[in-house]
Amino acid sequence: MPVSAAATDAAVCAPLPVLGRDVLVPLVTGGEVEYAALDIAASAPALQRVWDDVAAYAPYYGSVHRGAGYLSQLSTDLFENSRAEVARFLGAREGDQVVFTRSTTDSLNLLAAALPARTRVFVFETEHHASLLPWEQRADVEVTYLDAPRTPGQAVDTLERALAGREPYANALVCVTGASNVTGELWPVRELAAAAHAHGARIVLDAAQLAPHHPVDIAELDVDWVAFSGHKLYAPFGAGVLAGRADWLQEAEPYLAGGGASRTVARRGDGGVDVEWHTTAARHEAGSPNVIGAYAVAAACKALTEAGFENLVAREQHLVERVRAGLAEVPEVTVLSLFGDDAPRVGVLSFVVRGWNSSHFAAALSAEYGIGVRDGLFCAHPLVRTLLGAQSQAPGECGAPEGAPGEKSLNAIRVSFGAGTPDEHVDRFVRAVKELVRDGARWSYRTEDGRCVPDTAAAA
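Residues numbered from 1 in each chain as written. Predicted model: local features only at pLDDT ≥ 70, side-chain atom pairs only at ≥ 80, totals over all residues. Heavy atoms only, no water.

(A) Local environment of the overall build of the protein. Per the secondary structure count, the protein includes 14 helices and 19 strands. Its C-alpha atoms give the protein a radius of gyration of 23 Å, near enough to 23 Å, the size a compact globule of 460 residues would have. Principal axes of the C-alpha set define a box for the protein whose edges measure 80 × 55 × 50 Å. The proportion of buried residues among the 460 residues of the protein is 55%. Considering only contacts within the protein whose residues lie at least 6 apart along the sequence, 71% involve residues at least 24 apart. (Helix = DSSP H or I, 4+ residues; strand = E, 2+ residues; numbered from the N terminus. Rg over C-alpha atoms; globule rule 2.2 N^0.38 Å. Buried < 20%, exposed > 50% of the residue type's maximum accessible area, 1.4 Å probe, protein only. Contact = heavy atoms within 4.5 Å.)

Structure, rendered in structure tokens:
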């Protein structure tokens, strides 16, 4: 695939400064090399701007809400201003709530707990487990799993048919990703939201992989809720976000019972207690809030906005085209895709290499080239199994996972990058793929605890 002129122009844009950019790691073959962090779909490094902001605030840390001291008052203002910053980043509507959670998984579990009884949830089998599994935890909620679509249009048609066949009097929720954590492909969120609303359903967007790469606007996309994680948004300090409509959240029992969620607590004459719960976001933020985590998320939102998503998207597409062009030159490599090679995507690609177990290949990239990627099923087992189909990998190879009874041994390799990735890292990755396929690994590897690792007792 040729690299476009626009993408070439974008190459002059410098990557955003991130922590760990100059970390050196040892190679089994001797020497050290600058670590190429190409697994940011799992967790992105902290932006230098985020780290600096957090470090500047840390000496002033205090408990939030109700504290009379100066640091408590300052921290309360910081916490609530962070909520407002996230709301602006997401294009939240008037009346929407921003609830701070621990992660995307926590956010979607919170929403699952808040669903009215007898809600039917519609979710594609292509979802990450964070958005595939929480709904089953409610005995009074029914889940309809939809088959993997092969085009964006088919996704909309599949959802339309499923919603048309539901009971019209029941609540319904659609859960969909904005960008796949396996293929990086963008999903037709606006069209799916329109289909959901046309049938009286609501929709929640899993933006864990979308928000770090593209602008996410609740009002423009017309979704009811958005969930994402700070650790994928260059703010790895333990915070996540659920933002959107307030009604179901206000009517639900608090996600956690405790201080902060309660407005008043009083003993009753029979010895029990009466509780009045908050109706604001605090209703689902019991306990001492993660002020630093919330502030870090807000700082990342502000940094990405100021950098300009137009510039960030252009530069990332330059990297995507660079990787895809390089992999296309290796016949043994198959890039995984639902919607086809030309589908727009963020900086996430998964692939398999003929003649290699993916765990072995990933281990060699790390040990011999200092490149960190991910291998496995990426917490999206149904999707990866669908994409791999019959492309099983021999269980006798180093690190090959054991399939469930009656299943084949399947795993893939994922490379992912973003705002802080320099060109040299993706170039080294492409060069390493070509060399490993052509020449093989230069080191011996063995299986340890189910993973392929360098055999330290072996000679090169």
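Once the structure has been displayed, the description carries forward.
(B) Up close: a nonpolar patch on the surface. On the surface, Tyr60, Tyr70 and Leu71 cluster together into a nonpolar patch covering about 340 Å² of accessible area. Topologically, Tyr60 is positioned in the loop between helix H2 (48-57) and helix H3 (70-89). (Patch = residues over 30% accessible without salt bridge, like charges linked within 9 Å, V, L, I, M, F, W, Y side chains within 5 Å. Areas by Shrake-Rupley, 256 points an atom, 1.4 Å probe, with all protein chains shown as cover. Salt bridge = Lys/Arg side-chain N within 4 Å of Asp/Glu carboxyl O.)

(C) Examining the sheet that holds strand S14 (residues 348-353) more closely. Strand order in the open sheet made by the four strands is S13-S14-S17-S16, with antiparallel pairing throughout. Every other strand in the sheet has two partners, leaving strand S13 (333-335) and strand S16 (374-376) as the edge strands with one partner each. Across this sheet, the average inter-strand angle for adjacent strands is 30°, counted without regard to direction. (Pairing = 2+ DSSP bridges. Axes fitted to C-alpha atoms, helices over the stretch in contact; angles between N-to-C directions.)

(D) How the structure looks around the environment of Glu136. Following the sequence through the fold, Glu136 ends up in the loop between helix H5 (129-132) and strand S6 (142-146). The partly exposed category is assigned to Glu136, whose relative accessible area is 46%. As a C-alpha pair, Glu136 and Val121 span 15 residues in sequence and 9.4 Å in three-dimensional space. Those residues in contact with Glu136 that lie beyond four places of it in its chain are Val143 and Tyr145.

(E) Summary view of the nonpolar core. One finds Val86, Leu90 and Phe228 to be the most contacted residues of the largest nonpolar core, which totals 86 residues. Considering every element that reaches this core, the biggest residue donor is helix H10 (residues 291-307), with eleven residues. With residues up to four places along the chain from it excluded, the contact list for Leu90 reads Val216, Asp217, Ile218, Val226, Phe228, Val241 and Ala243. (Core = buried A, V, L, I, M, F, W, Y, C linked by side-chain atoms within 4.5 Å.)

(F) Representation of H10 in the model. With 17 residues, H10 ought to run about 24 Å at 1.5 Å a step, and its terminal C-alpha atoms sit 24 Å apart, in line with that. Counting buried positions over the 17 residues of H10 gives twelve, a clear majority of the element. Residues of H10 that are buried make contact with H2, H3, strand S4 (97-101), strand S9 (225-229), strand S10 (240-244) and helix H11 (309-328). Downstream of H10 by a residue or two, Gly308 has a phi angle that is positive, lying close to 90°. (Expected span 1.5 Å × (residues − 1).)

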